[in-house]
Amino acid sequence: MTELTVKCALLLLLSGAALFFDLRTGKIPNILILFGLLAACVLRTAVFGAEGVLSFLAGAGFPFLILFLLFHLGMMGAGDIKLLMAAGGLLGWPGSLRFFVLSILFGTLVSAIVFAGRVRFSDRFRYFRAYVRKALLTGEVSRYRMEGERPENIHFALPVFLAAVAETALELTALYGLVGMMG
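Residues numbered from 1 in each chain as written. Predicted model: local features only at pLDDT ≥ 70, side-chain atom pairs only at ≥ 80, totals over all residues. Heavy atoms only, no water.

It is not clear to me how the nonpolar core should be interpreted in this structure. Could you clarify?
When a protein is soluble and globular, its nonpolar side chains tend to lie buried together. Ranked by size, the top nonpolar core spans 36 residues in total, and within it Leu-11, Ile-28, Leu-83, Leu-84 and Phe-99 carry the most contacts. Residue assignment for this core shows that the elements contributing at least two residues are helix 1 (3–25), helix 2 (30–48), helix 3 (50–72), helix 4 (78–118) and helix 6 (157–182). For this core, the leading source of residues is helix 4, giving 13 residues. (Core = buried A, V, L, I, M, F, W, Y, C linked by side-chain atoms within 4.5 Å. Buried < 20%, exposed > 50% of the residue type's maximum accessible area, 1.4 Å probe, protein only. Helix = DSSP H or I, 4+ residues; strand = E, 2+ residues; numbered from the N terminus.)

Here it is, written out as structure tokens:
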């Protein structure tokens, strides 16, 4: 098996397991994230040596740096960010950036579908406007996310899993070509 095949298999396994746990319990277990980070570091180091370690650190660090503020504001869960860190570490830099963009695009698509079917956009916009206004007037930053099982609180592990499927398809297509995958 090539490094690419192992990387794609680990990415699908990690994101699929995270999705399973997120949908079932609302949490992504830290042991799963730890496994993903460890496997990513070992794989990148084995294949690329010292450069692999640096690429792992850059790939894992990027989602943390970008999303820490959203976690602090209560707009995104810590498990989602740690999942993106593990995936980013596995893909290294700049693969982490591509995966992040894919995850955000799929998150936007999932959110649009949920909003179209179950949430009134005007209500959600009023909530966002009131949140921003309160933060600006009082200087107090509270949790943005409404607690409980609400339709607008999506499980971000789903867009991450969809991004993993897309990333795998993109990488394997680039390696084997579209014809090679079909025949």
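Quick question: what am I supposed to make of the packing of aromatic side chains here?
Each aromatic ring pair is described using two quantities: the centre-to-centre distance and the angle formed by the ring planes. Tallying each qualifying case throughout the model produces four aromatic pairs. Each ring, one from Phe-62 and one from Phe-100, has its centre 5.4 Å from the other, and the planes form 85°; the classification is edge-to-face. Here Phe-62, found in helix 3, pairs with Phe-100, found in helix 4; they are 38 residues apart in sequence, far enough to count as distant. Members of the aromatic cluster, connected to one another through ring pairs, are Phe-62, Trp-93 and Phe-100. (Phe/Tyr/Trp six-rings, centres within 6.5 Å; stacked < 30°, edge-to-face > 60°.)

In this structure, what is going on with the environment of Leu-84? I would like to understand it.
Within the fold, Leu-84 resides in helix 4. Taking the C-alpha atoms as reference points, Leu-84 and Pro-63, 21 residues apart in sequence, are found 6.2 Å from one another. Residues contacting Leu-84, with those up to four places away along its chain left out, are Pro-63, Leu-67, Met-76, Phe-99, Ser-103, Phe-156 and Val-160. (Contact = heavy atoms within 4.5 Å.)

Explanation requested: the packing of helix 2 against helix 3 in the structure shown.
Angle between the axes and distance between the axes: these two values describe a pair of packed helices. Orientation of helix 2 relative to helix 3, taken along the N-to-C sense of each, is 145°, at an axis distance of 6 Å. By crossing handedness, the relation of helix 2 to helix 3 is classed as right-handed. Residue-level inspection shows Leu-37, Ala-40, Cys-41, Arg-44, Thr-45 and Phe-48 of helix 2 in contact with helix 3, the latter providing Ala-50, Glu-51, Gly-52, Val-53, Ser-55, Phe-56 and Ala-60. Along the lines of polarity and charge, the residues of the contact of helix 2 with helix 3 split into eight nonpolar, three polar and two charged. (Axes fitted to C-alpha atoms, helices over the stretch in contact; angles between N-to-C directions. Left-handed = near helix turned anticlockwise from the far one by under 90°. Nonpolar A, V, L, I, M, F, W, Y, C, P; charged D, E, K, R; others polar.)

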